[in-house]
Amino acid sequence: MAEAIADTRRLYTKPQNLNDAYGPPSNFLEIDVSNPETVGVGRNRFTTYEIRLKTNLPIFKLKESRVRRRYSDFEWLRGELERESKVVVPPLPGKALIRQLPFRGDDGIFDDSFIEERRQGLEHFLNKVAGHPLAQNERCLHIFLQEESVDKNYTPSKIRQA
Amino acid sequence: MSFFSFGQSAEIDIVLNDAETRKKAEHKTEDGKKDKYFLFYDGETVSGKVNVTLKNPGKRLEHQGIKIEFIGQIELYYDRGNHHEFVSLVKDLARPGEMAQSQTFDFEFTHVEKPYESYTGQNVKLRYFLRATISRRLNDICKEMDIVVHTLSTYPELNSSIKMEVGIEDGLHIEFEYNKSKYHLKDVIVGKIYFLLVRIKIKHMEIDIIKRETTGTGPNVYHENDTIAKYEIMDGAPVRGESIPIRLFLAGYEMTPTMRDVNKKFSVRYYLNLVLIDEEERRYFKQQEITLWRKGDIVRKSMSHQAAIASQRFEGSASAEKALSQAKEDDN
């Protein structure tokens, strides 16, 4: 006897554990770039940003961390990831060399609107990168996000479960 | 074709004997249009008449012979000069001579072998056609008639399900299952995706059907991929222990049966591609080959019988049995 109507009933599945269904998800990762502060005087001024991380991913040693980083630290991170991992690293917000030239009408790279634009770009960049499963295995990302200061003479390595 | 107003020319017309009753099937032409052609199966006899109509009545048509051929050939688009004929039958209709008036010739190719299905693809074409030729000194008069061949299969004896656990270490573990590995063209893919571990932020999940046409051999193998369907099966972020059902009806898509190494010239294979996309547009995927086959049309049972079978799934046994026996009585 041939099938007149196809059998489209669902395949059997184990019922979901209520704890899994209503518990906190295992993919909680929040990264914020905020509180820009310009430090120094005259020619030697630079802006740092606060990087706040909250997570429950086991790959991160600290479930909460707060560090301050400047734009060149981001450039360092991007360079390390491009060299060490197979990740296609997204671009950073612009370097704004033109803004660093003298005789400008505005505050150049310390202009409030420029800092805000850059802050948004850096936040977007970090969220894209930190959520990448391959980037999460790189030591440089963990140094950048969770250690007090960036040691540019570190030994590149891969991280397994923290 | 004669360029001079004197001399004789003729028109050829090929007509099948069962043109009234034989079914036609739609088939895509090389430029994408869809046309209807007579449908044949393996082993069927191809018979008909060749009508030769003289253009200038009263003048005679001199010729070196009239014949009709049945040809099955594979044409690779990058190598148009070489046609690979895998079926080639000839019937002579008339010996060299003169035709004084329009004539009709009968022909029959008995129980012709048609081992492969007609296929028009991106880089290769497999076609069957009848070709009637009037040979002449300077130029032949030719007429071709394409037909379409379908290859039928029956339910495979072995049709195991596809079930696999895949993932990224510590990032995403899923178990996917498809109810069969061999599907007919009007079948339904019933499956499920079970999430064992979710540490990435998934935005949605879809299943794609990919057709891969492979032409060439050795170092010159060329693959042409075409995404036939994209079907979203999940929107939103799943958690551990969640199961997402799949129900994908194949009848809605234009597909051919799986063709493996046809005449050692080309292959057409189908793959299910399960794609998960996370919030940063990163794509995680797993591709799995499926075999597609063509089921022959069966005579439809009466509607009441079909309805009775459907009711069996949902109602209690008593009413269903009553409906079935009633339907059997109606049938008889």
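Residues numbered from 1 in each chain as written. Chains lettered and ligands numbered in written order. Predicted model: local features only at pLDDT ≥ 70, side-chain atom pairs only at ≥ 80, totals over all residues. Heavy atoms only, no water.

Going by the annotation in an unreviewed UniProt entry, the name recorded for chain B is Vacuolar protein sorting 26 homolog B, like, with Cyprinus carpio given as the source organism. On record in UniProt, under Sequence similarities (unreviewed entry), the comment for chain B is "Belongs to the VPS26 family." (UniProt positions renumbered as here; feature names shortened; annotations may be inferred.)

Labelled according to an unreviewed UniProt entry, chain A appears under the name Sorting nexin-3-like, originating from Cyprinus carpio. UniProt, in its Sequence similarities (unreviewed entry) section for chain A, records the words "Belongs to the sorting nexin family."

Would you explain the overall build of chain A in this entry?
Helix and strand counts for chain A come out as four helices and three strands. Each helix (α) and strand (β) of chain A, taken in turn from the N terminus, gives the series α-β-β-β-α-α-α. In summary, chain A has a C-alpha radius of gyration of 22 Å against a globular reference of 15 Å for 162 residues, an excess of more than 25%. Dimensions of chain A, computed from the C-alpha atoms along their principal axes, are close to 90 × 35 × 30 Å. Within chain A, the proportion of its 162 residues that are buried is 38%. (Helix = DSSP H or I, 4+ residues; strand = E, 2+ residues; numbered from the N terminus. Rg over C-alpha atoms; globule rule 2.2 N^0.38 Å. Buried < 20%, exposed > 50% of the residue type's maximum accessible area, 1.4 Å probe, protein only.)

In this structure, what is going on with the side chain of Asn27(A)? I would like to understand it.
The topology assignment puts Asn27(A) in the loop between helix H1 (18–22) and strand E1 (29–39). The exposure class assigned to Asn27(A) is buried, which follows from its relative accessible area of 10%. Of note is the side chain of Asn27(A), whose polar atom sits 2.9 Å from the backbone oxygen of Ile200(B). Setting aside residues up to four positions removed in sequence, Asn27(A) forms contacts with Asn56(A), Leu57(A), Val198(B), Arg199(B), Ile200(B) and Lys201(B). (Polar contact = N/O pair within 3.5 Å; in protein donor to acceptor, adjacent residues only side chain to side chain. Contact = heavy atoms within 4.5 Å.)

Where do I start with the sheet that holds strand E3 (residues 64–70) of chain A in this structure?
Sheet strands associate in pairs through backbone hydrogen bonding, adopting either a parallel or an antiparallel arrangement. All names here are of chain A. Read from one edge to the other, the open sheet built from three strands follows the order E1-E2-E3, with strand pairing classed as antiparallel. Looking at the sheet topology across the chains shown, the edges are occupied by E1 and E3. Here the average twist between neighbouring strands, direction ignored, is 20 degrees. Pairing of strand E2 (residues 46–55) with E3, which is carried by seven bridges, proceeds in the antiparallel orientation. Note on E3: the bridge partner recorded for Leu53 is Ser65. (Pairing = 2+ DSSP bridges. Axes fitted to C-alpha atoms, helices over the stretch in contact; angles between N-to-C directions.)

Help me out: how do you make sense of the packing of helix H2 (residues 71–84) of chain A against helix H3 (residues 112–130) of chain A in this one?
Residue and element names in this part refer to chain A. It is the contact of H2 with H3, at a shortest axis distance of 12 Å, that shows an interaxial angle of 30 degrees. As judged from the angle between their axes, H2 and H3 are roughly parallel. Considering how the two elements wind past one another, H2 and H3 form a crossing that is left-handed. Facing Tyr71, Phe74, Leu77, Arg78 and Leu81 of H2, the residues of H3 in contact are Arg118, Leu122, Phe125, Leu126 and Val129. Here the contact of H2 with H3 is composed, by residue class, of eight nonpolar, no polar and two charged. (Parallel < 35°, antiparallel > 145°, perpendicular 65-115°, else oblique. Left-handed = near helix turned anticlockwise from the far one by under 90°. Nonpolar A, V, L, I, M, F, W, Y, C, P; charged D, E, K, R; others polar.)

Would you explain the packing of H3(A) against helix H4 (residues 139–146) of chain A in this entry?
The geometry of a pair of packed helices is captured by two quantities: the angle between their axes and the separation between those axes. Residues and elements named next belong to chain A. At a closest axis distance of 12 Å, the pairing of H3 and H4 adopts a crossing angle of 135 degrees. Judged by the inter-axis angle, H3 sits oblique to H4. Like other packed secondary-structure pairs, H3 and H4 cross with a definite hand, here left-handed. Along the contact surface, H3 presents Leu126, Val129 and Ala130, while H4 presents Leu141, Phe144 and Leu145. When the residues that make up the contact of H3 with H4 are grouped by side-chain class, the tally is six nonpolar, no polar and no charged.

I'm lost on the interface of chain A and chain B in this one. Help?
The figure often quoted for interface size is the accessible area lost as the parts come together. At the junction of the two partners, chain A supplies 30 residues and chain B supplies 32 residues. Carbon and sulfur atoms make up 54% of the surface buried where chain A meets chain B, a total of about 2,900 Å² over both sides. Three residues stand out in chain A for area buried against chain B, namely Thr8(A), Leu11(A) and Asn27(A), and they jointly supply 20% of the buried area on that side. Counting every contact that joins chain A to chain B gives eight residue pairs in polar contact (both at pLDDT 80 or more). Mapped by element, the contributors of at least two residues to the side of chain A that touches chain B are H1 and H3 of chain A. Residues of the side of chain A that touches chain B, tallied by class, amount to 13 nonpolar, nine polar and eight charged. (Buried area = accessible area lost by both parts, 1.4 Å probe.)

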